[in-house]
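Letter by letter, the chains look like this.
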Protein chains: 2
Amino acid sequence: MVNTVFKALSDPTRRTILDLLREQDMTAGDIADHFDISKPSISQHLTLLKQADLVSSKRDGQHIVYSLNLTVFNELLKWILQFQSSKGSEPQ
Amino acid sequence: MVNTVFKALSDPTRRTILDLLREQDMTAGDIADHFDISKPSISQHLTLLKQADLVSSKRDGQHIVYSLNLTVFNELLKWILQFQSSKGSEPQ
DNA sequence: TGCTTAATTATAGATTTAGTTAATTAACTA
DNA sequence: TAGTTAATTAACTAAATCTATAATTAAGCA
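Residues numbered from 1 in each chain as written. Chains lettered and ligands numbered in written order. Predicted model: local features only at pLDDT ≥ 70, side-chain atom pairs only at ≥ 80, totals over all residues. Heavy atoms only, no water.

> I'm lost on the relation of the copies chain B and chain A in this one. Help?
Mapping chain B onto chain A leaves a residual RMSD of 0.0 Å; the transformation is a rotation of 180 degrees accompanied by 0.0 Å of translation along its axis. Such a combination of rotation and displacement between the chain copies is what one expects of a two-fold axis. Relative to the rotation axis, the closest C-alpha in chain B is found at serine 10 of chain B, a distance of 3.0 Å. Both copies share a contact surface, since 100% of the interface residues of chain B are interface residues in chain A too. (Least-squares fit on C-alpha atoms with pLDDT ≥ 70 in both. Contact = heavy atoms within 4.5 Å.)

The structure is reproduced here in structure tokens:
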């Protein structure tokens, strides 16, 4: 659902999480350490990102490892490209 | 500001407005007629879209005509393409 | 088993957002 | 000028969102 994705992307914390995962897969704890926000709050953000299919998670023993799911970005790309082909567009 | 843009895109009504403007420039009233929402509410949505630089407006006599501003979509495109080039990505 | 660490779920508070109606601004027209 | 139409701004309410703390689940280890 495109709405879930845009909602997920509308929060700066969640976009930063995606930026982090762009570099490498990370555990929930490691992600949380990058923010001045409680772990439960980060966990909630991760849940939203997962619901939007922007990330996936896998338990590794005691840890849960999150990784970027690139498929949805393709959808997003398509959505934006619709607009590029709209009018006689050649911005700047 | 990328945050303003994503916030603006996070609402379905605003995305539909963009879809409408993709076809042609429209007055505030014509836009409002496409929704079961009051005109003041649509006016607020248009203000947000304008703040995000996704649309621009121009008074034409009694009417105010809104049109798509494609420049910001390029920014958005860049943001997404960052992710495409992340890992060894070849989704599906 | 009992203790510790990692992470989530539950619950609640504060802020933000989307919508409403009422009032206001601006332009046209008889 | 008075009245009408188009759109916005103002003030308010209801719902959603973000964050926190407390409680719970799950895994590892002495």
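Structure shown, so let's carry the discussion forward.
> What am I meant to see in the protein's contact with DNA strand C here?
Around DNA strand C, the structure places 21 residues, and the nearest of them are Ser43, Gln62 and Tyr66 of chain A together with Ser38 and His45 of chain B. The backbone of glycine 29 of chain A places a nitrogen or oxygen atom 2.7 Å from a phosphate oxygen of DNA strand C. Elements represented by at least two residues in the surface near DNA strand C include exactly helix H3 (28–32), helix H4 (39–51) and strand S3 (63–68) of chain A together with helix H4 (39–51) of chain B. For the surface near DNA strand C, the element with the most residues is H4 of chain B, which contributes 4 residues. (Near = heavy atom within 4 Å. Polar contact = N/O pair within 3.5 Å; in protein donor to acceptor, adjacent residues only side chain to side chain. Helix = DSSP H or I, 4+ residues; strand = E, 2+ residues; numbered from the N terminus.)

> Looking at this model, I keep getting lost on the protein's contact with DNA strand D. Mind explaining?
As a matter of local geometry, DNA strand D sits amid 22 residues, with Ser38 and His45 of chain A together with Ser43, Gln62 and Tyr66 of chain B nearest to it. A breakdown of the atoms of DNA strand D within 4 Å of the protein gives sugar and phosphate a share of 74%. At a separation of 3.3 Å, a phosphate oxygen of DNA strand D approaches a polar side-chain atom of aspartate 11 of chain A. If you list the elements that add at least two residues to the surface near DNA strand D, you get H4 of chain A together with helix H3 (28–33), H4 and strand S3 (63–68) of chain B. At 4 residues, the largest contribution of residues to the surface near DNA strand D is made by H4 of chain A. Here the surface near DNA strand D is composed, by residue class, of 7 nonpolar, 10 polar and 5 charged. (Nonpolar A, V, L, I, M, F, W, Y, C, P; charged D, E, K, R; others polar.)

> Which parts of the structure should I look at to understand unusual backbone geometry?
Leave glycine aside and you will find that most residues have negative phi; peptide bonds, for their part, are mostly trans. Residue and element names in this part refer to chain A. With a phi angle near 70 degrees, aspartate 53 is a residue other than glycine that sits in the positive phi range. Within the secondary structure, aspartate 53 sits in the loop between H4 and strand S2 (55–60). Exposure remark for aspartate 53: the relative accessible area of 42% places this residue in the partly exposed category. (Buried < 20%, exposed > 50% of the residue type's maximum accessible area, 1.4 Å probe, protein only.)

> Please explain the nonpolar core as it appears in this structure.
Looking at soluble globular proteins, one finds that nonpolar side chains tend to be buried together. In this structure, Leu18 and Leu54 of chain A together with Leu18 and Leu54 of chain B are the most contacted members of the largest nonpolar core, which totals 56 residues. Leave out the neighbours within four places in its chain, and leucine 18 of chain B touches Trp79 and Phe83 of chain A together with Leu9, Leu49, Leu54, Val55, Leu68 and Phe73 of chain B. (Core = buried A, V, L, I, M, F, W, Y, C linked by side-chain atoms within 4.5 Å.)

> How do you make sense of the packing of aromatic side chains when you look at a structure like this?
The way to describe two aromatic rings as a pair is by their centre distance and the angle between their planes. Using the criterion set out here, one finds 8 aromatic pairs over all chains in the structure. Centroid distance tryptophan 79 of chain A to phenylalanine 83 of chain A: 4.8 Å. Interplanar angle 55 degrees. Geometry classified as tilted. Placement of both tryptophan 79 of chain A and phenylalanine 83 of chain A in helix H5 (residues 71–84) is noted, with a separation of 4 residues, approximately one turn of the helix. Like tryptophan 79 of chain A, the residue phenylalanine 83 of chain A is buried in the burial classification. Judged by centre distance (4.5 Å) and plane angle (15 degrees), the rings of phenylalanine 83 of chain A and phenylalanine 73 of chain B are stacked. (Phe/Tyr/Trp six-rings, centres within 6.5 Å; stacked < 30°, edge-to-face > 60°.)

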